[in-house]
Structures are given as structure tokens and as C-alpha cells.
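Coordinates in review
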Amino acid sequence: MRVLVAVKRVVDYAVRVRVKADKSAVDLANVKMSMNPFCEIAMEEAVRLKEKKIAKEVVAVSIGPKQCSETLRTALALGADKGIHIQTDMRPDQDLQPLAVAKILQSIVGQQGPDLVIVGKQSIDSDSNQTGQMLAGLLGWPQATFASALNLADDAKTMEVTREVDAGLQNVSMGLPAVVTTDLRLNEPRYATLPNIMKARKKPIETIQLDAMEVDAAPRLKVLSVDEPPVREAGIKVESVDDLLTKLKEDGKL
């Protein structure tokens with residue numbers, strides 16, 4: 001069984017992002033980048049399937065500039081067997097939109113022939129939450145989104161997935177091949193150890209130029225402007241509940 005995992009290079013979740021002076025985009029200059037947290041969860045789940053002897057190979061795919069090779073090396077250090085880098089200078093947070101990513105992954109799926117594709121439910125830069133669903137639609141495969149638990153049958157032909165929905169948890173069963181998008185509570189990703197980081201340097205990464213692929217990656221949406229959130233006003237302290245009620249009445253909140 002082969003598992004394909006998409007990993008995205010994004011601004012580190014702990015970094016306070018800055019907007020460019022012309023408000024055209026987020027400023028990525030000299031900013032710490034890392035693997036998208038939901039992609040880390042997807043990679044962890046794939047590696048666990050390999051450790052259980054259910055999966056024989058884990059393939060990591062990343063789309064973006066040459067620096068994405070660093071993200072792929074991280075994926076390899078976490079346990080992936082090989083990486084595929086679709087290289088392009090398009091901005092992954094704006095220009096490289098979900099439909100284009102889904103089409104690219106569809107092409108890679110056709111080449112690699114995986115039995116299961118695992119992706120994060122969304123990336124923390126664009127927050128689209130669309131790629132997994134679009135990929136499943138293009139492939140004509142069943143999908144399980146917002147997965148918080150994943151259990152494959154012994155024959156690796158079917159699986160049961162617990163989904164997080166507004167009303168609680170939903171259990172679904174489906175045949176393979178399929179697409180799964182990961183939610184926060186699916187697992188807790190491991191840290192890459194130094195020995196595995198060293199081993200990752202010897203694992204193969206295949207580089208494919210996006211221009212060489214027969215994929216229409218043109219953006220369908222245009223970002224008009226990007227603004228920083230408004231500065232939050234400072235609060236005030238009150239001495240008692242009566243003072244709080246008085247203040248709320250003065251401000252017209254009650």
C-alpha cells in the first residue's frame with residue numbers, strides 16, 4: 001500500500017505576520033517558514049500506517065519555490081520514503097489556489113498510483129479548506145474530511161474514519177483508494193530526531209517543473225488587497241460587579 005501526503009510550506013504558526021507596504025500580500029521576506037501544522041498531522045498519520053506495516057511506502061509532495069525542498073527534507077526526516085517537489089515561482093498563499101493544487105496532485109496521483117491520499121484539512125496561510133475535496137472530486141474517489149480517527153481494515157481495502165462535524169462525531173466507511181483530510185485531534189505529530197534528519201539527506205527528492213506539466217494552474221481569484229487586523233483597544237479594570245454593570249449601561253451594552 002502506498003500513501004501520498006501533500007505538505008505545504010507556510011509562515012511558521014508562531015510568527016506574527018506583516019503586510020507589505022502596498023497591501024498586495026503578506027511580507028515573506030526574512031520570515032521563518034515551516035511545514036503547515038495540518039500537513040504535519042497528515043504526515044504523522046501516514047508514518048504510523050507504515051509503522052503498523054499497513055503502508056509500505058510514504059511519498060511526500062510539495063508545490064512551490066525551491067525552498068520547498070527544505071519542507072520535503074523535514075517530511076523525509078519524519079518518516080517519508082521519498083519526496084516530489086513541483087517547483088514554481090507562484091506564491092502558494094495567493095497565486096497557487098486550491099483548484100490548481102488539486103489538479104497538480106491529480107497528475108501526481110496518476111503517476112504514483114497511491115492507495116490513499118492524506119492532506120491537511122487546510123493551510124494556515126490561505127485557510128481555504130478546499131484542496132482535499134476538489135482532489136477527490138477530480139479523481140472520482142470517496143473522501144473523508146476533518147478526520148479525527150482513521151482505521152484501515154486488515155486487507156487494506158476499506159477503512160473507517162471518524163469525522164468531526166458541527167453536531168459531534170460522524171463515523172463513515174469507505175473503500176480504497178480514497179482521500180482523507182486531517183483535523184487537529186487525529187494525532188500529535190512527532191519531532192524529527194537528529195539521526196533521522198541525517199538519514200533524510202540521502203533520501204531521494206524528484207523535482208518537476210510546474211511549467212512542464214500539462215496542468216492549468218492559472219489563478220481563478222485575484223487578491224485586491226491585504227490588511228492587518230484592527231488594533232484591539234485596551235480594556236479597563238473595574239472594582240466590583242456593580243461597577244461592571246454601570247460601565248456596560250454607560251456604554252449602551254445593557
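Overview of the structure.

Here is what the cut-offs are and how they apply
Residues numbered from 1 in each chain as written. Predicted model: local features only at pLDDT ≥ 70, side-chain atom pairs only at ≥ 80, totals over all residues. Heavy atoms only, no water. Helix = DSSP H or I, 4+ residues; strand = E, 2+ residues; numbered from the N terminus. Buried < 20%, exposed > 50% of the residue type's maximum accessible area, 1.4 Å probe, protein only. Core = buried A, V, L, I, M, F, W, Y, C linked by side-chain atoms within 4.5 Å. Contact = heavy atoms within 4.5 Å. 1 Å grid on protein atoms, 1.4 Å probe; cavity = no way out; pocket = protein on both sides within 12 Å on 5 of 7 lines; lining within 4 Å. Points joined across faces, edges and corners; volume = space filled by probe spheres on them. Nonpolar A, V, L, I, M, F, W, Y, C, P; charged D, E, K, R; others polar.

Focus on unusual backbone geometry
In this structure, Pro-177 follows Leu-176 across a cis peptide bond, with omega equal to 5°. Within the fold, Pro-177 resides in the loop between β9 (168-175) and β10 (178-182). Residues other than glycine seldom take positive phi values, yet Lys-23 does so here, at roughly 60°. Assessed through its relative accessible area of 42%, Lys-23 is described here as partly exposed.

What to know about the nonpolar core
If you look at the biggest cluster of nonpolar residues, it comprises 36 residues, and the most contacted ones within it are Val-3, Val-5, Met-43, Leu-116 and Met-159. At the level of secondary structure, the elements contributing two or more residues to this core comprise β1 (2-6), α1 (37-51), β4 (57-64), α2 (68-78), β6 (116-120), β7 (143-152), β8 (158-165) and β10. Looking at which element gives the most residues to this core, the answer is α1, with eight residues. Sequence-distant contacts of Met-159, that is, excluding residues within four places in its chain, are made with Leu-116, Leu-150, Asn-151, Leu-152, Ala-153, Val-172, Ser-173, Met-174, Leu-176, Ala-178 and Val-180. Formed by 26 residues, the second largest nonpolar core is a distinct cluster that contains Val-59, Ile-84, Ile-104 and Val-117.

Concerning the layout of surface pockets
Estimated volume of the largest pocket: approximately 790 Å³. For the largest pocket, the lining is made up of 36 residues, of which Pro-92, Asp-93, Gln-94, Asp-125 and Ser-126 are closest to its centre. Secondary-structure elements contributing two or more residues to the lining of the largest pocket are β2 (9-11) and α3 (98-112). Here the residues of the lining of the largest pocket sort into 21 nonpolar, seven polar and eight charged. By volume, the second largest pocket is sized at about 430 Å³.

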